[in-house]
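# Examining the three-dimensional arrangement
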Amino acid sequence: MVIGDGILTPAISVLSAAGGIKVDHPSMSNGVVVVVAVVILVGLFSLQHYGTDKVSWLFAPIVLVWFLVIGGIGIYNIWKYDSSVLKAFSPVYIYRYFRRGGKDGWTSLGGIMLSITGTEALFADLSHFPVAAVQLAFTVVVFPCLLLAYSGQAAYLMSNRDHVVDAFYRSIPDSIYWPVFIIATAAAIVASQATITATFSIIKQALALGCFPRVKVVHTSKKFLGQIYVPDINWILMILCIAVTAGFKNQNQIGNAYGTAVVIVMLVTTLLMTLIMILVWRCHWILVLLFTGLSLVVECTYFSAVLFKVDQGGWVPLVIAAAFLLIMYVWHYGTLKRYEFEMHSKVSMAWILGLGPSLGLVRVPGIGLVYTELASGVPHIFSHFITNLPAIHSVVVFVCVKYLPVYTVPEEERFLVKRIGPKNFHMFRCVARYGYKDLHKKDDEFEKKLFDSLFLFVRLESMMEGCSDSDEYSLYGQQTERSREGLLNNNGNGNTITSYADTTISSVDSIVPVKSPMQGSMTVRSSEHVSSQTETDELEFLNSCRDAGVVHILGNTVVRARRESRFYKKIAIDYVYAFLRKICREHSVIFNVPHESLLNVGQVFYV
C-alpha cells in the first residue's frame, strides 16, 4: 500500500497543482492540464538520480511557507466571507451532521479522508527527525494552518457554493494568485518526493529480507543511510503515475484511490504500533488497549466509508498492492526453497577428503573461482560440476559476496580468506565484503585484489605455523598498509616483519579473533625459517596457475515445480519466478567478468 501511495501521491498532487492553470484560464481543456501534469511528473522522476541530499535543504522552507500561506489565506476568507464557520470546532456539529445525513453523511467520510492525508507519514518521518521536532512542527504549524485553511474554504463556499470543485484556487485573492500557484506546485513536488523516497526505502528493506528481486540500489548520501535511489523502481513508478494521471476521467477518482491507500496504511501502522508497544516497549496492557481502541475506532470508521469508493477508483491501490505482493511472495518462496536446497545439500568435508588431492579428476592448470551464496561449507554445485566434467582447475577458490550495511569497506578489510582441506588440495574460501557505496561501479580490479589477499594469506599462514595446533587459518584483513606491502613484497627469505597484523584462527563454522605476537617470538621465527621453502613453492605454484588462466564459475540452480504440482504453482515457479531471476543483477555484471572467462554450471531443483 505504501508503494501504491508512492504512485498516487505524485499523480494527485501534481494534477491538483496543474489544475490551478485552468482555474485562471477557464477556456483551457482538461487535456492540457493532464499534459502539464505529465511533464512535471517526467521532470520529477528524471531528477531522482541526483538524490534527496542535493535539494532537501529547500524542502523545509517550501513546506513552511506553504503552511503559512494557506493559513493566512484561511484567516482572510474567514474574515471576509463568514466567521460563523468557526462554530464547526464544536463537537456538537459532528453529531448533528451524522443525524441529518444518515448513511450519506457516513459514506462522505471517504471524501473527507483527503483532509487528513499526510498524517500517516508522521511515523515514517520519525526515522529522519527527532520525536520532539515532529511534535512541535505538527502542533505549532501543521495542524493550526490546516484548520484555518479548511475553515477559510468553508467560509468562501458559504458565499460561492457553485465553486465547490475548485474551492482552494478560487478562494485565493487575485493579487497573490500566481505566487501561491508556484508555492503550491513546489509543495506538491516536495510531497511527491517524500512518498517516492518512502517507496525506495520499502523496496530496500524488502531486499534485505529477501522478499524482492535484486535491483540496483544507489545510495546518494555519505551522511544519511536512508537516502537512496532505485533506478528500476523509479521508472516503473513514473510509468504508473503517468498511467493513473492520464487514465482517470476526473480527479475525484484519483482522490478515492488515494484515500483507500492512505487509510489502509494507517490501519497497518496502528497494528504494528500495537505490536511495538507490547513486545518492545512492554507497555501496560491498559495503555495498549486504550491506544489501539481509540485509534481503530477512528480508522475503521473511515475504512468502512472508503469501502463504498472501491468501485469509483479505490480499486487501483488494491490492484497495485496485490501485484507487488504476488511478486514479493513468489520471489521469497523461490529464493527460500533454493537456499534451503543449497544448505541441505552441502558437500561434506569427509567426501572432499575421500577424493584425494586430485579430487578424483584431472587437475588442469589454472584457477577456478566458484561463486556461491554460502559462507561456510562446500556448495552442492561443486560436486555437480566435478561429477559431470572430467577435469577441475589446479586451484579452486570458493567466492562468497556479502553486502554490509556500512558506507564502504576499506580495501585492506575487503577479503576474508581461509584454506579448505590440506595444502596439497589447493582449495580456498574467500568472502568478499562490500559496503553500499562500493558497488556503484564495476569492480575492474576484483581479480587482482582477490589474488593479492590470497598470496598474503599464504604468507601469514606460513608465518603462523607452529603457533597453533589448528590446521585451518583465516586472514582478517585489518593490517596496516605498511604491513600489507611488506608481506606482499616479502620474497620468503625469513626477513623480520617490522609491522604485524591481526590474524584469526578459524574453525569450520566460526571465526575467532586471535592477536598475533607483537615481539616476533622465537617460535614464529623458527616457523618462518622451516616453512619458507614450502611457502615459496606454493606462491610460485599459485602464480603459474594464475598465468595459465582464471575461470569464473557461476552456479545456476534452476527452481522448477514438480510435475504433480497444481497449475498455479507451476505458473508462479516456472514462469513468474524464472522471469524475475532472469532480470536480476548477477555477480558477473557487478564484477565485470568477461564472457570468455565465464562458465555457468546449472542444475535443476524441483519443489
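Residues numbered from 1 in each chain as written. Predicted model: local features only at pLDDT ≥ 70, side-chain atom pairs only at ≥ 80, totals over all residues. Heavy atoms only, no water.

- As recorded in an unreviewed UniProt entry, the protein goes by Potassium transporter and comes from Gossypium hirsutum.
- Per UniProt, the protein has the following entry under Function (unreviewed entry): "Potassium transporter."
- For the protein, the Sequence similarities (unreviewed entry) comment in UniProt is given as "Belongs to the HAK/KUP transporter (TC 2.A.72.3) family." (UniProt positions renumbered as here; feature names shortened; annotations may be inferred.)

### Notes on the pairing of strand 5 (residues 415-420)
- The buried fraction of strand 5 amounts to six of the six residues, a majority that puts the element mostly inside the structure.
- Residues F415, V417 and R419 point to one face of strand 5 and L416, K418 and I420 to the other, with burial holding for every one of them.
- Taken together, strand 5 and the strand that follows it, strand 6 (residues 427-434), pair antiparallel across an intervening segment of six residues, in which G421 is found at a positive phi of about 80°. (Buried < 20%, exposed > 50% of the residue type's maximum accessible area, 1.4 Å probe, protein only. Helix = DSSP H or I, 4+ residues; strand = E, 2+ residues; numbered from the N terminus. Pairing = 2+ DSSP bridges.)

### Observations concerning the side chain of H426
- Mapped onto the elements, H426 comes out in the loop between strand 5 and strand 6.
- What makes H426 buried here is its relative accessible area of 17%.
- For H426, the residues in contact, after removing those within four places along its chain, are R363, S394, V395, V396, E538 and F541. (Contact = heavy atoms within 4.5 Å.)

### What about the packing of aromatic side chains?
- All chains considered together, the criterion is met by 18 aromatic pairs.
- Between Y81 and Y156, the ring centres sit 5.2 Å apart and the planes meet at 90°, which makes this aromatic pair edge-to-face. Residue Y81 is located in the loop between helix 4 (59-80) and helix 5 (92-101), and its partner Y156 is located in helix 9 (residues 131-159); the two are separated by 75 residues in the primary sequence.
- We classify Y156 as buried; its relative accessible area is 5%.
- Between W178 and F181, the ring centres sit 5.2 Å apart and the planes meet at 80°, which makes this aromatic pair edge-to-face. Residue W178 and its partner F181 are located together in helix 11 (residues 177-208), separated by three residues, close to a single helical turn.
- Judged by relative accessible area, F181 falls into the buried class, the value being 12%.
- Three or more aromatic residues joined by ring pairs make a cluster, and in this case those are W66, F168, Y169, Y177, W178 and F181.
- For R414, the ring lying beneath its charged end belongs to Y434, and the centroid distance is 4.5 Å. (Phe/Tyr/Trp six-rings, centres within 6.5 Å; stacked < 30°, edge-to-face > 60°. Lys NZ or Arg CZ within 6 Å of the ring centre and 35° of its normal.)

### Focus on a nonpolar patch on the surface
- A contiguous nonpolar surface patch, about 770 Å² in accessible area, is contributed by V268, L272, L275, I276, I278, L279, V280 and W281.
- Locating V280 in the fold gives a position in helix 13 (residues 251-280). (Patch = residues over 30% accessible without salt bridge, like charges linked within 9 Å, V, L, I, M, F, W, Y side chains within 5 Å. Areas by Shrake-Rupley, 256 points an atom, 1.4 Å probe, with all protein chains shown as cover. Salt bridge = Lys/Arg side-chain N within 4 Å of Asp/Glu carboxyl O.)

### What to know about the nonpolar core
- Counting residues in each nonpolar core, the largest one holds 47 residues, and the members touching the most others are F200, L237 and V244.
- Put simply, the parts of the chain that give this core at least two residues each are helix 1 (2-24), helix 2 (30-46), helix 11, strand 2 (228-229), helix 12 (231-247), helix 13, helix 14 (285-306) and helix 15 (315-344).
- With 25 residues, the next largest nonpolar core counts V401, V417, F428 and C430 among its residues. (Core = buried A, V, L, I, M, F, W, Y, C linked by side-chain atoms within 4.5 Å.)

### Quick word on helix 15
- Under the 1.5 Å per step criterion, the end-to-end length of helix 15 is 43 Å for 30 residues, consistent within 8% with the ideal 44 Å.
- When we look at burial in helix 15, the residues that qualify are V316, P317, I320, A321, F324, V330, W331, G334, T335, R338, F341 and E342. (Expected span 1.5 Å × (residues − 1).)

### Concerning the packing of helix 2 against helix 12
- At their nearest, the axes of helix 2 and helix 12 sit 10 Å apart, and the two run at 170° to each other. Of the possible angle classes, the one that applies to helix 2 and helix 12 is roughly antiparallel. Here V34, A37, V38, L41, V42, F45 and S46 of helix 2 come into contact with helix 12, specifically with N234, W235, L237, M238, C241, I242, T245 and A246. (Axes fitted to C-alpha atoms, helices over the stretch in contact; angles between N-to-C directions. Parallel < 35°, antiparallel > 145°, perpendicular 65-115°, else oblique.)

### Digging into the side chain of T245
- Secondary-structure assignment places T245 in helix 12.
- Classification of T245 as buried rests on a relative accessible area of 1%.
- Within polar-contact distance, the side chain of T245 engages the backbone oxygen of C241 at 2.8 Å.
- Here T245 is in contact with A11, L15, V34, A37, L41 and I254, once residues within four sequence places are set aside. (Polar contact = N/O pair within 3.5 Å; in protein donor to acceptor, adjacent residues only side chain to side chain.)

### Things to note about unusual backbone geometry
- One non-glycine residue, R282, lies in positive phi territory at about 55°.
- One can find R282 in the loop between helix 13 and helix 14.
- Taking the relative accessible area as the measure of exposure, R282 reaches 66% and is therefore exposed.
- Of note in the backbone geometry, H426 takes a positive phi value of approximately 55° without being a glycine.

### Concerning the packing of helix 13 against helix 14
- In contact at an axis separation of 10 Å, helix 13 and helix 14 are set at 165° when each is read in the N-to-C sense. It follows from the interaxial angle that helix 13 and helix 14 lie roughly antiparallel. With respect to the hand of their crossing, helix 13 and helix 14 are arranged in left-handed fashion. For the pair formed by helix 13 and helix 14, the contact residues are G259, T260, V263, I264, M266, L267, T270, M273, T274, M277 and I278 on the first element and L287, V288, F291, T292, S295, L296, E299, C300, Y302, F303 and V306 on the second.
- Here the residues of the contact of helix 13 with helix 14 are counted per class, giving 15 nonpolar, six polar and one charged. (Left-handed = near helix turned anticlockwise from the far one by under 90°. Nonpolar A, V, L, I, M, F, W, Y, C, P; charged D, E, K, R; others polar.)

### Notes on the pattern of salt bridges
- In the structure shown here, the tally under the stated rule is five salt bridges.
- One salt bridge in this structure joins E411 and K449, with 3.3 Å as the shortest N-O distance. Residue E411 is found in the loop between strand 4 (391-403) and strand 5, and its partner K449 is found in helix 18 (residues 446-464); the two are separated by 38 residues along the sequence.
- What makes E411 partly exposed here is its relative accessible area of 41%.
- For E538, the salt bridge goes to R419, with nearest N and O atoms at 3.1 Å.

### Regarding the environment of C211
- Within the secondary structure, C211 sits in the loop between helix 11 and strand 1 (218-219).
- With 120 residues separating them in the primary sequence, C211 and W331 have C-alpha atoms 6.2 Å apart.
- If we ignore the near neighbours within four places in the chain, the residues touching C211 are A206, M328, W331 and H332.

### Side note on the environment of V142
- Mapping V142 onto the fold places it in helix 9.
- Each C-alpha atom of the pair V142 and L64 lies 8.7 Å from the other, and the pair is 78 residues apart in sequence.
- Not counting chain neighbours up to four residues away, the residues in contact with V142 comprise F67 and A137.

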